[in-house]
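Chain by chain, the residues:
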Amino acid sequence: MSENGQTAETDTEPRDSSHAHLAGEVIGRHQHGYHQLLYVSAGVLAVRTGEASWVASGARAMWIPAGTWHQHRVHGHSAVHTLGFPVHDVLLDSGTPVVVAVDALVRELIIACSEPSLPLPEATRLRAVLRDRLRRALIEPLTLPVPGNPLLRQACALVSDDLQHPRTAVWLAKRIGVSERTLARLFRTELGMTYPQWRTNVRVFHAMVLLAEGANVSETGRRCGWATTSAFIDTFSRSMGRTPGAYRTESGA
């Protein structure tokens, strides 16, 4: 049982599934007795553990190691596909969740493998190809770590809750009652990045969610604090390897 009283899944038999979720649905905190590959062919899932948050979408699949407590929030009408792997079958060599890039072939392989009526011989062949492709897939770096320090948690919440207004490090340090140097040190030691790097990540993270929910590119850029649409497109494209418009289309919005 978890610390918040929820019971872990006790099954260790891997399961594959394909199902739909409505926007706004929350899948409560849980864990699996097997590794899971999670993919969203339409919409977006925000996945959160005790340590960090990620986004799974049409361009990004997520590997969740066995025993990892996690929860999901659905953004946009979503089609979700999951593949289960036994604990001894480590598809991606990571003890923590990671997000991998999904190309057109990997997308179709995951969708096909998640069909519940797929004959075992065919599933075995498809999974063999999927393994080869995923082990060469690009690991996507966008992760939002959860700060352990209370002051840094306060600082991050101040920025995340009001992305439309650019908040300088000077302003943020003053609001939480520390020096700018202390704030910079907290970001480096707790999150492994500078404040500007973290703020860019959190803005892109929220932009992905808004685009999946149907917001247009200009509106998304404005709500996430970019001064111009072109600046938003440039930053998003450099972070995600595709334009916001292309990402919106891939997400099924």
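What comes next concerns the included structure. Predicted, not measured: the structure shown is a model, and the values here were computed from it.

1. Details of the packing of aromatic side chains
In total, this model carries seven aromatic pairs according to the counting rule given. Pairing W63 with F85 gives two aromatic rings, centres 5.6 Å apart and planes at 55°, and the pair type is tilted. Of this pair, W63 sits in strand β5 (residues 60-64) while F85 sits in strand β6 (residues 70-85); the two residues are 22 residues apart in sequence, bridging distant segments of the chain. The same class applies to W63 as to F85, namely buried. Directly above the ring of F85 sits R127, whose terminal nitrogen or CZ lies 4.5 Å from the centroid. When the ring centre of W226 is taken as origin, the NZ or CZ atom of R203, which lies over that ring, is 4.0 Å away.

2. Observations concerning the nonpolar core
With 37 residues, the main nonpolar core has L183, F187, W198, M208, F236 and Y247 as its most contacted residues. Among the secondary structure elements, those contributing two or more residues to this core are α3 (150-160), α4 (169-176), α5 (180-191), α6 (195-212) and α8 (229-240). With 11 residues, the top contributor of residues to this core is α6. Sequence-distant contacts of W198, that is, excluding residues within four places in its chain, are made with L144, C156, V159, S160, F187, L191 and M193.

3. Structural notes on the pattern of salt bridges
The tally for this structure, following the rule as stated, stands at seven salt bridges. Measuring nitrogen to oxygen at the nearest pair gives 2.7 Å for the salt bridge that ties D16 to R127. Of this pair, D16 sits in the segment before β1 (17-21) while R127 sits in helix α2 (residues 120-134); the two residues are 111 residues apart in sequence, bridging distant segments of the chain. For R127, a relative accessible area of 15% gives the class buried. A salt bridge links D103 to R133; the shortest N-O distance between them is 2.9 Å. Of this pair, D103 sits in the loop between β7 (98-101) and α1 (104-113) while R133 sits in helix α2; the two residues are 30 residues apart in sequence, bridging distant segments of the chain. Looking at D103, the relative accessible area reads 35%, which means it is partly exposed.

Analysis parameters
Residues numbered from 1 in each chain as written. Predicted model: local features only at pLDDT ≥ 70, side-chain atom pairs only at ≥ 80, totals over all residues. Heavy atoms only, no water. Phe/Tyr/Trp six-rings, centres within 6.5 Å; stacked < 30°, edge-to-face > 60°. Helix = DSSP H or I, 4+ residues; strand = E, 2+ residues; numbered from the N terminus. Buried < 20%, exposed > 50% of the residue type's maximum accessible area, 1.4 Å probe, protein only. Lys NZ or Arg CZ within 6 Å of the ring centre and 35° of its normal. Core = buried A, V, L, I, M, F, W, Y, C linked by side-chain atoms within 4.5 Å. Contact = heavy atoms within 4.5 Å. Salt bridge = Lys/Arg side-chain N within 4 Å of Asp/Glu carboxyl O.

Interpretation in functional terms is not warranted from these geometric data alone.
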